[in-house]
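Each chain, written out:
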Amino acid sequence: VYKRQVFELIKTFNEGSVSKFYANAKSFAEHMKAQFGGKEKFLEEKIRVMALLELVFRMPKNERTVSFKTIAEVTQLNVQDVELLIMKAMSLDLIRGSIDEIDQTVQIRWSKPKVVDKEKIKVMRDKLVDWSTSLNALVKSFETSQQQSV
């Protein structure tokens, strides 16, 4: 049972699921205390960073401006704590971008690659299909404009 719980916890970190983390943490709290005694806050911070990375991974590359509110919802933080989380992720070189404190957004230009499972491969495939579709539309538009100018 314990090995399965540890596996589920690791899988949860990879998924970046804060709610699953808390559900798993409750299901084997005694084992966590033995293994990570006194480091619960550290683990909470890590799962929130992973949730941020997962959010970024799922966003289209050209639309990576995220509101603090969205990040707060995904990471289960208060909005006023989001900027600190973003700065932590930036200081660890997990993401690169710029923070707009006035609009309470962050524009993410780069994120560190993560472990890729079947679901993430599907997300990447969907992104490639979308990119291919937009590229084909651009080529058709270019061809049409060339034909009209001749």
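Everything below is about the structure shown above.
Analysis parameters
Residues numbered from 1 in each chain as written. Predicted model: local features only at pLDDT ≥ 70, side-chain atom pairs only at ≥ 80, totals over all residues. Heavy atoms only, no water. Helix = DSSP H or I, 4+ residues; strand = E, 2+ residues; numbered from the N terminus. Rg over C-alpha atoms; globule rule 2.2 N^0.38 Å. Buried < 20%, exposed > 50% of the residue type's maximum accessible area, 1.4 Å probe, protein only. Contact = heavy atoms within 4.5 Å. Areas by Shrake-Rupley, 256 points an atom, 1.4 Å probe, with all protein chains shown as cover. Lys, Arg positive; Asp, Glu negative; His and termini not counted. Charge placed at Lys NZ, Arg CZ, Asp CG, Glu CD. Core = buried A, V, L, I, M, F, W, Y, C linked by side-chain atoms within 4.5 Å. Pairing = 2+ DSSP bridges.

> Residues and numbers for the overall build of the protein, please.
Of the regular secondary structure elements, the protein holds seven helices and three strands. When its helices and strands are written in sequence order, the protein yields α-α-α-α-β-α-α-β-β-α. By the compact-globule yardstick of 15 Å for 150 residues, the protein is too spread out, its C-alpha radius of gyration being 20 Å. A buried classification covers 31% of the 150 residues belonging to the protein. For the protein, contacts bridging at least 24 residues in sequence account for 52% of all contacts bridging at least 6. Roughly 10200 Å² of accessible area belongs to the protein as shown, and the carbon and sulfur atoms make up 57% of that amount. Charged side chains in the protein number 25 positive and 20 negative. The centres of these two groups are separated by 6 Å.

> Help me get a handle on the nonpolar core, residues and values and all.
In terms of nonpolar packing, the biggest core is built from 18 residues, with Leu52, Val66, Ile71, Val82, Ile86, Ile95 and Val106 touching the most fellow members. Ranked by the residues each element gives to this core, the list is headed by helix H4 (residues 40–58), at five residues. Counting seven residues, the second largest nonpolar core, distinct from the first, contains Leu9, Phe13, Phe21 and Leu43.

> Tell me what's going on with the pairing of strand E2 (residues 95–100), and back it up with residues and numbers.
Here E2 pairs with strand E3 (residues 105–111) via six bridges, running antiparallel. Residue pairing in the sheet places Ile99 in a bridge with Val106 of E3.

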